[in-house]
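The primary structure of each chain is shown beneath.
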Amino acid sequence: MDTRPDAGTSFIQAGRVLLILFGLILLSSIAGALIAQLITGVGTVQLQTLDYNHPHMDVLNFFRINQVIASLGYFLLPALLIPVWVFRMPLMQFLSLRKPSGLVLYFLIILAYYVLTPMLELSGALNQHLHLGGALERLDTWMRVKEKLAGDLTRMFLYMPDSKALVFNLFFVALLPAIAEEFFFRGMLQRSLFLWTRKIHLSIFITAFIFSAIHFQFFGFLPRFLLGVFFGYLLYWTGDLRTTIMAHFLNNATSVIVAYLSLRKTGQLPDFNEAQEFPPYLYLASGLLGAMLLYMIYREARKRRELNPPLALVSDEGSVARTWTCVYKTARPSEAEIVAGMLISEGIEAVTINKRDSSYLQFGIVEVHVPVEEQPQAEAIIRGNLTDNS
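So, here's what we can say about the structure. (Residues numbered from 1 in each chain as written. Predicted model: local features only at pLDDT ≥ 70, side-chain atom pairs only at ≥ 80, totals over all residues. Heavy atoms only, no water.)

Another point: the overall build of the protein chain. Helix and strand content of the protein chain: 14 helices and three strands. In the protein chain, buried positions account for 48% of the 390 residues. Within the protein chain, counting contacts between residues at least 6 apart in sequence, those at least 24 apart form 74% of the total. Entry remark: accessible area of the protein chain is about 20100 Å², with carbon and sulfur atoms responsible for 67%. (Helix = DSSP H or I, 4+ residues; strand = E, 2+ residues; numbered from the N terminus. Buried < 20%, exposed > 50% of the residue type's maximum accessible area, 1.4 Å probe, protein only. Contact = heavy atoms within 4.5 Å. Areas by Shrake-Rupley, 256 points an atom, 1.4 Å probe, with all protein chains shown as cover.)

Here's what the structure looks like:
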C-alpha cells in the first residue's frame with residue numbers, strides 16, 4: 001500500500017497552496033503600503049529621494065511597518081493557515097512544535113553555527129566571484145542591480161542611532177523574520193514537499209533553494225542556501241521547529257549586533273556584501289569541527305528519541321504504557337532510527353525503545369513506538385514506504 005498522495009491530490013493541494021500564497025501576498029502588499037503611509041505620512045517624493053545610509057526616521061518607520069506586515073502576511077499567516085485548510089492536519093503537529101528539544105541540543109546548535117561561520121564566509125567569497133558573461137551578461141547586470149538594492153535596504157534597516165533602535169531591530173529584524181520564515185519554509189513548505197514526494201533530502205534541498213532565491217541576493221545565494229540546508233536537517237534530526245528558529249535568530253541577531261557595534265565605533269556600517277576573510281587554517285578547523293558538531297547534534301537528537309522517551313510512554317514499572325504502542329520492530333538500530341525519523345518528519349511523535357541485551361548488543365530488537373491515536377497513520381506511512389522500496 002502506497003500512502004503517498006496521488007498526482008491529482010497533490011496537484012489540487014499545490015494549487016490551493018499557491019492560491020492562498022498569492023492572495024495573502026497581494027493583500028499584505030496593499031495593506032502594508034496603505035497602513036505605513038497612514039501612520040508615517042511618507043509619500044512617493046520622499047521615497048524617491050531616499051538616503052539609504054542616513055534615512056529620515058519617518059521613511060525608516062515606513063519601511064519597518066512594511067517589513068512587519070510582509071513577515072506576517074507573506075510567511076507567518078500562510079504557515080498557520082495552509083496546514084489546517086489544505087492538509088487538514090493539527091497545526092502543532094504539522095509544524096513540529098509539540099515537543100521541545102533539550103538544552104544540550106540547543107547549546108550544540110549555537111556552537112555549531114558559530115564554528116561553521118568561516119566556512120559560510122568562504123562559500124560567500126566563492127559566490128561573489130561569480131560572473132556571467134556572453135549571452136548571460138544582461139542577466140548578470142540584473143542580478144547585480146537586485147543585489148545592490150537588497151544591500152541598500154539592509155543598510156537602511158540596520159541604521160541604529162541609539163540603543164533603543166538596537167532593541168527594536170533585535171525584535172523586528174532578527175526575531176520576527178526568524179519565526180515567520182521558519183514557520184513558512186521549514187515548518188510548512190518543507191513538510192508539504194515531503195508529503196508530496198516522500199523524499200526528505202530532496203524536500204530539504206528544494207526548500208533551501210527557494211529560501212535563498214526569494215531574498216533576491218544572488219551573490220549571497222550559496223551561503224544562504226547552505227544555511228537553509230543546515231536549518232532543514234536540524235528540523236529533520238530533532239523534529240523541533242524551535243531549533244531552526246533559534247539558529248535563524250542567531251544568524252540575524254549577529255548581523256544586527258555587528259552593525260550596531262560598527263556604527264558605535266566607526267560611524268559606518270560594515271559591508272555585508274563582502275565576505276569576511278579568514279586564514280586558511282581557520283577554514284580547515286571550521287570544516288572539521290563543524291562536521292564533528294553536526295554529527296554530535298545528530299547523535300544527541302537520536303539519543304533523546306532512544307534513551308529519553310516521553311514520560312507518558314513509561315509507567316512506574318518501566319514498561320510501555322497503554323497510551324503508546326509499537327508499530328515497528330527490527331534487529332537493526334539504524335533501521336529503527338530511519339523509521340522513527342520518517343514518522344517524525346510526518347509530524348508523528350515517535351521514539352525508539354532499545355530492547356537489546358546490554359552485554360551482547362548483537363542480540364534482541366529495537367522497537368518504534370507512537371501514541372495509540374496515531375497508530376493507523378503511522379502504520380500506513382510505514383507500509384507505504386516499504387512498498388516504495390520493494
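Continuing now.
Bringing the packing of helix H3 (residues 57–85) against helix H7 (residues 137–157) into the picture now. The axes of two packed helices give the description: the angle between them and the distance between them. Taken N-terminus to C-terminus, the directions of H3 and H7 make an angle of 105 degrees; their axes are 10 Å apart at the nearest point. Of the possible angle classes, the one that applies to H3 and H7 is roughly perpendicular. Only Leu153, Met156 and Phe157 of H7 make contact with H3, whose side of the interface consists of Leu60, Phe63, Arg64 and Gln67. Here the contact of H3 with H7 is composed, by residue class, of five nonpolar, one polar and one charged. (Axes fitted to C-alpha atoms, helices over the stretch in contact; angles between N-to-C directions. Parallel < 35°, antiparallel > 145°, perpendicular 65-115°, else oblique. Nonpolar A, V, L, I, M, F, W, Y, C, P; charged D, E, K, R; others polar.)

As a further point, take the pattern of salt bridges. This structure, assessed with the given rule, holds two salt bridges. Two residues, Arg186 and Glu182, come together in a salt bridge whose shortest N-O distance is 2.7 Å. Linking Arg186 with Glu182, this pair stays in helix H8 (residues 163–197), spanning four residues, or about one helical turn. By the burial criterion, Arg186 is buried, and Glu182 matches it. A salt bridge links Arg242 to Asp240; its shortest N-O distance comes to 2.9 Å. (Salt bridge = Lys/Arg side-chain N within 4 Å of Asp/Glu carboxyl O.)

Function-wise, these values are silent; they only describe arrangement.
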